[in-house]
Amino acid sequence: MDITLNGESRPLSGPTTVAQLLEELGYTGKRVAVERNGDIVPKSQHGDTALAAGDKLEIVVAVGGG
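First, a word on what this report is: a plain description of the structure on this page.

### Some points on the overall build of the chain
Step number 1: Of the regular secondary structure elements, the chain holds one helix and five strands.
Step number 2: Ordering the α and β elements of the chain from the N terminus gives β-β-α-β-β-β.
Step number 3: For a compact globule of 66 residues, the expected C-alpha radius of gyration is about 11 Å, and the chain comes in at 12 Å, within 12% of that figure.
Step number 4: Across its three principal directions, the C-alpha atoms of the chain cover 40 × 25 × 20 Å.

Printed below as a string of structure tokens:
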């Protein structure tokens, strides 16, 4: 199954949730915003939101500084 992540094709080995993908990418514990097919996925739903073939995700990591 393939998804598009930040404009690039990415294969997934099997059923995956947003939370699992974030863990795989090393974003666990970081402040991130996730958009799936044009809709924001609230953090409270990351564990329940299953990804499907063809999904388009945008993930943005908040970076502190001033």
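### Thoughts on the nonpolar core
Step number 1: With 11 residues, the main nonpolar core is built from Ile3, Leu5, Leu12, Val18, Leu21, Leu22, Val34, Val41, Leu51, Leu57 and Ile59.
Step number 2: Take this core: its biggest share by element is three residues, from helix α1 (residues 18-24).

### Let's talk about the sheet that holds strand β4 (residues 39-40)
Step number 1: The strand order across the open sheet built from five strands is β2-β1-β5-β3-β4, with neighbouring strands paired in mixed fashion. Both outer strands of the open sheet, β2 (8-11) and β4, are each paired with one neighbouring strand and no more.
Step number 2: Bridge count for strand β1 (residues 2-5) against β2 is four bridges, and the pairing is antiparallel. Note that in β2 the partner of isoleucine 3 across the bridge is arginine 10.

### Some remarks on the environment of glutamate 35
Step number 1: Within the fold, glutamate 35 resides in strand β3 (residues 32-36).
Step number 2: When the C-alpha atoms of glutamate 35 and glutamate 8 are compared, they prove to be 14 Å apart, with 27 residues separating the residues in sequence.
Step number 3: Sequence-distant contacts of glutamate 35, defined by excluding residues within four places in its chain, comprise Ile40, Lys56, Leu57 and Glu58.

### Focus: the pairing of β1
Step number 1: Covered by surrounding structure in β1 are Ile3 and Leu5 only, the residues Asp2 and Thr4 on the alternate face being uncovered.
Step number 2: The turn linking β1 back onto β2 is made up of two residues, and asparagine 6 within it adopts a positive phi angle of 50°.
Step number 3: The pairing of β1 with strand β5 (residues 56-61) spans two bridges and is parallel. Note that in β5 the partner of leucine 5 across the bridge is leucine 57.

Each value, and the rule that gives it
Residues numbered from 1 in each chain as written. Predicted model: local features only at pLDDT ≥ 70, side-chain atom pairs only at ≥ 80, totals over all residues. Heavy atoms only, no water. Helix = DSSP H or I, 4+ residues; strand = E, 2+ residues; numbered from the N terminus. Rg over C-alpha atoms; globule rule 2.2 N^0.38 Å. Core = buried A, V, L, I, M, F, W, Y, C linked by side-chain atoms within 4.5 Å. Buried < 20%, exposed > 50% of the residue type's maximum accessible area, 1.4 Å probe, protein only. Pairing = 2+ DSSP bridges. Contact = heavy atoms within 4.5 Å.

So, to be careful, I would describe these as geometric facts and stop short of saying anything about function.
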